[in-house]
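# Tertiary structure, described
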Amino acid sequence: MVQENASPPSTATPAQGQDDEHAPPLPPRPVRPVQPVQTSGNDSSTATIEGSHLQSKPTTAISSMNIQTLSFPDGSRGTFSTPNENNAGDTDQSTPANVGMTSIGFNPVPGDIDESMSVMSIAPTLRPPGDLESLLVGEGSKKSAAWTLLRSQYAAVPPFETIHIEEGTALANFTDEFDDIPDEFEKNWSDEDRVKLWKSKLKHFMILSSAGKPIYSRHGDLGLINSSMGVVQTIISFYEGAKNPLLGFTAGDTRFVIVTEGPLYFVAISRLGESDYQLRAQLDALYMQILSTLTLPVLTNIFANRPSTDLRKPLQGTETLLSSLADSFTRGSPSALLGALECLRLRKSHRHAINNAFLRTRTEKLLYGLIVAGGKLVSVIRPRRHSLHPSDLQLIFNMLFESGGVKAGGGENWIPLCLPAFNNRGYLYMYVSFLDVEPESERDLTTAGEEVAIILISPDKESFFDLQQMRDDVVAELKKKGHLDIIKIAVHQGRAKMNDIAPGTNISHFLFKSRANVQFCMPSLLPTFSSLISHRKLMSLYHNLHSTIHAKHTHIKVLHCVREDSTSLAWITPIFEFYCVAGPNASRAVITQGANKIIQWAKREEERLFIIGGGVF
């Protein structure tokens, strides 16, 4: 054996022995002997090839390439390789492959390695670094720049983007959910087809009396569903006879929830995955809507005298209010889910000036004064010892902005109304005035839903002209100071966007509820959740988070959920409730960091986002 460039062994001197930080020099590297090679022809001269320059590393190329595996959001996997720059051109340096194999007890032979050995036979599997399953440890486990770039891009994938609605799923025909079922006079529709169409609806609300008389159904006329209501009434009566009231049951993927209020039965039938608590809250809202029309004493007296009374006549004209309320539950209502109101975002000084204008023009007959814009509360003035319950305000908002009956009339409206949470035994009188409302034929569709309304409530039924004069004074004051234009600009701007609230985060949407103020805020739904199906999927996810974290005998304060199409987080404290949604690749650290940014923003903007106290007299 011939050794080239072999250094003589060195001995440690006392001065050198004190320096233990320097590693000893590498041992001499063996080289292949010079091999004679016979040239062509009769020339007996030989050429030599140095074996050390033919091959410096094993031929598996493990140490000179980083082979990495990438997991994509759709579940597929791919591999790509990047050059290992640390090892290029350095033949004396030990390779990461050797380091990794030595660490797991495998000592490679210096020289030839068995070519039949599998690459995966030396892959360390004891500690794979997360999603990146590298074939090597040591330097090979570092995430390359390509991986970091791809990972950051895929973390920003919005929720529900990778999952498509397939035939047979619950939301496949959700866009047809609110279409009316043809009545019995339609010649092209048989009764069998009408019943099939009725059964295809994902959510139903029914109201019937204890005597089995149908009162209301969201889908289908009463002639179509009369037999179904009879079956429901029979089942409920059977359990009541056994003194074990029926609260709900499940049939396949459909949940039935029953609420009994005096002589009335309220039934919710849903395939949207809502909890019993949430469905009962929706049925309670329908009951409150009926009480707002009749009051509790009137309703009780009707059935006390005649239990088989048909309640459809006293409720005639309120079907649109019940249907608009039911449809808001089916589409998904954050206000109904959280039991809170959404306020228009305004500067504290502007809101304070609006409250003062309200108070300066107040009449003695006023009980409550409200300014509402775009379905959001702008200002409220109230007596010191009275406050409006969110459920009562939801009934008012439903009447004014959802059903469209009052708004379509425009101008001024004088409406007797019972607010059940305030007093379910009597009426109040509500004066409503929409500002700058044009006739429906001339109304600009781009400003639909941006109307500004002044609502004045009084217990005196003879106070119409007093409230009308107060309305004129308030409008004059607001126009004089320019506050009415400020309100219109804020309504037109809409909700804040996620990039403005917490730039750089991968959270797509959130709900933040201030528990002390019973109000909530959320960002714009555009563009990710603008469609009907994506909005319903978002609200279904919020319903699942809410039902899980508020379940009985549960002490969860923070809930992190990972699904195939989204990642979500719920967080409740005595001060706030927070729910957010991100894409399927968002890690726990990313979504937690984003949640902290949003909560800090909500604390900074609290006096703009929420009405704290309001005007009190």
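Please refer to the structure placed before this passage.
What comes next concerns the included structure. Quick caveat, the model's predicted, so the values are computed rather than measured.

Another aspect to go through is the pattern of salt bridges. A side chain of one charge can pair with a side chain of the opposite charge if their charged atoms are brought near each other. Counted by the stated rule, this structure contains 18 salt bridges. Arg255 serves as the salt-bridge partner of Asp276, at 2.7 Å between the closest nitrogen and oxygen. Here Arg255 lies in strand 8 (residues 254-261) and Asp276 lies in helix 6 (residues 276-294), a separation of 21 residues in the sequence. Judged by relative accessible area, Asp276 falls into the partly exposed class, the value being 21%. One salt bridge connects Glu605 with Arg608, and the closest N-O pair in it is separated by 3.8 Å. Residue Arg608 is classed as partly exposed on the basis of its relative accessible area, which comes to 29%.

So, about helix 14 (residues 483-493). Where helix 14 is concerned, the buried positions are His483, Leu484, Ile487, Ala490 and Val491. The buried residues of helix 14 occupy an angular sector of 125° when projected down its axis, which confines them to one face. Seen from the open side of helix 14, the exposed residues pointing more than 90 degrees away from its buried face are His492 and Gln493. Next to the buried residues of helix 14 lie helix 10 (348-360), strand 11 (368-373), strand 12 (376-382), strand 14 (428-435), strand 15 (452-458) and helix 13 (464-481). Just downstream of helix 14 lies Gly494, where phi reads positive at about 75°.

Tallied over the entire structure, the rule returns 17 aromatic pairs. Ring geometry for Tyr368 and Phe422: centres 5.9 Å apart, planes at 80°, overall edge-to-face. Here the residue Tyr368 occupies a position in strand 11, and Phe422 occupies one in the loop between strand 13 (412-417) and strand 14, the gap between them amounting to 54 residues. A residue is classified by how much of its surface remains accessible, and Tyr368, at 0% relative accessible area, is buried. Measuring from centroid to centroid gives 6.2 Å for Phe397 and Phe401, while their planes differ by 90°, and the two rings are edge-to-face. Here the residue Phe397 and the residue Phe401 both occupy positions in helix 11 (residues 390-402), the gap between them amounting to four residues, near one helical turn. This pair shows no difference in class: Phe397 is buried, exactly as Phe401 is. In this structure an aromatic cluster arises from ring pairing among Trp414, Tyr429, Tyr431, Phe464 and Phe465.

In the contact formed by helix 8 (residues 319-331) and helix 16 (residues 532-549), the axes pass within 8 Å of each other and the chain directions differ by 75°. Relative to helix 16, the element helix 8 lies roughly perpendicular. Where helix 8 abuts helix 16, its residues Phe329, Thr330 and Arg331 lie against Leu532, His535, Arg536 and Met539. Among the residues making up the contact of helix 8 with helix 16, the classes are represented as three nonpolar, two polar and two charged.

Now for the environment of Tyr368. For the pair Tyr368 and Ile457, spaced 89 residues apart in the sequence, the C-alpha separation amounts to 5.1 Å. For Tyr368, the contacting residues outside a window of four places in its chain are Ile381, Arg382, Pro383, His386, Ser387, Leu388, Phe422, Ile455, Leu456 and Ile457.

Another point: the state of the cysteines. This structure, assessed with the given rule, holds zero disulfides. Cys343 supplies the cysteine sulfur nearest to Cys521, a cysteine that is in no disulfide, at a spacing of 9.7 Å.

A separate point is the nonpolar core. If you look at the biggest cluster of nonpolar residues, it comprises 28 residues, and the most contacted ones within it are Leu370, Leu377, Ile396, Leu400, Met430, Ile455 and Ile457. The greatest single-element share of this core, amounting to six residues, is contributed by helix 11. Not counting chain neighbours up to four residues away, the residues in contact with Ile396 comprise Leu417, Leu419, Met430, Ile455 and Ile457.

This part takes up the packing of helix 8 against helix 11. Where helix 8 contacts helix 11, the axes come no closer than 10 Å and their chain directions differ by 100°. With respect to helix 11, the axis of helix 8 lies roughly perpendicular. Here helix 8 contributes Leu321, Ser324, Leu325 and Arg331 to the contact with helix 11, which in turn contributes Asn398, Met399 and Glu402. Residues that form the contact of helix 8 with helix 11 fall into these classes: three nonpolar, two polar and two charged.

Secondary-structure assignment places Arg495 in the loop between helix 14 and helix 15 (498-501). Between the alpha carbons of Arg495 and Leu344 there is a distance of 8.5 Å; along the sequence they are 151 residues apart. In this view, Arg495 contacts Glu342, Lys376, Met522, Pro523 and Ser524; residues no more than four positions away in its chain are not counted. Of the polar contacts made by the side chain of Arg495, one reaches the side chain of Glu342; its length is 2.7 Å.

Burial within strand 15 is extensive, with seven of its seven residues counted as buried. Burial along strand 15 is two-sided: Val452, Ile454, Leu456 and Ser458 facing one way and Ala453, Ile455 and Ile457 facing the other are all buried. Both strand 11 and strand 15 contribute to a ladder of six bridges, which runs antiparallel. Residue pairing for strand 15: Gly369 is matched across the bridge by Leu456.

What follows covers the pairing of strand 14. Taken across its eight residues, strand 14 has eight buried, putting it largely inside the fold. As judged from the six bridges shared by strand 13 and strand 14, these two strands associate in the antiparallel manner. Bridging across to strand 14, Pro416 finds its partner in Tyr429. As paired strands, strand 14 and strand 15 are joined by seven bridges and run antiparallel to one another. By the bridge assignment for strand 15, Val432 is matched with Ile455.

How each quantity is defined
- Residues numbered from 1 in each chain as written.
- Predicted model: local features only at pLDDT ≥ 70, side-chain atom pairs only at ≥ 80, totals over all residues.
- Heavy atoms only, no water.
- Salt bridge = Lys/Arg side-chain N within 4 Å of Asp/Glu carboxyl O.
- Helix = DSSP H or I, 4+ residues; strand = E, 2+ residues; numbered from the N terminus.
- Buried < 20%, exposed > 50% of the residue type's maximum accessible area, 1.4 Å probe, protein only.
- Arc of directions from axis to C-beta.
- Contact = heavy atoms within 4.5 Å.
- Phe/Tyr/Trp six-rings, centres within 6.5 Å; stacked < 30°, edge-to-face > 60°.
- Axes fitted to C-alpha atoms, helices over the stretch in contact; angles between N-to-C directions.
- Parallel < 35°, antiparallel > 145°, perpendicular 65-115°, else oblique.
- Nonpolar A, V, L, I, M, F, W, Y, C, P; charged D, E, K, R; others polar.
- Disulfide = S-S within 2.5 Å.
- Core = buried A, V, L, I, M, F, W, Y, C linked by side-chain atoms within 4.5 Å.
- Polar contact = N/O pair within 3.5 Å; in protein donor to acceptor, adjacent residues only side chain to side chain.
- Pairing = 2+ DSSP bridges.

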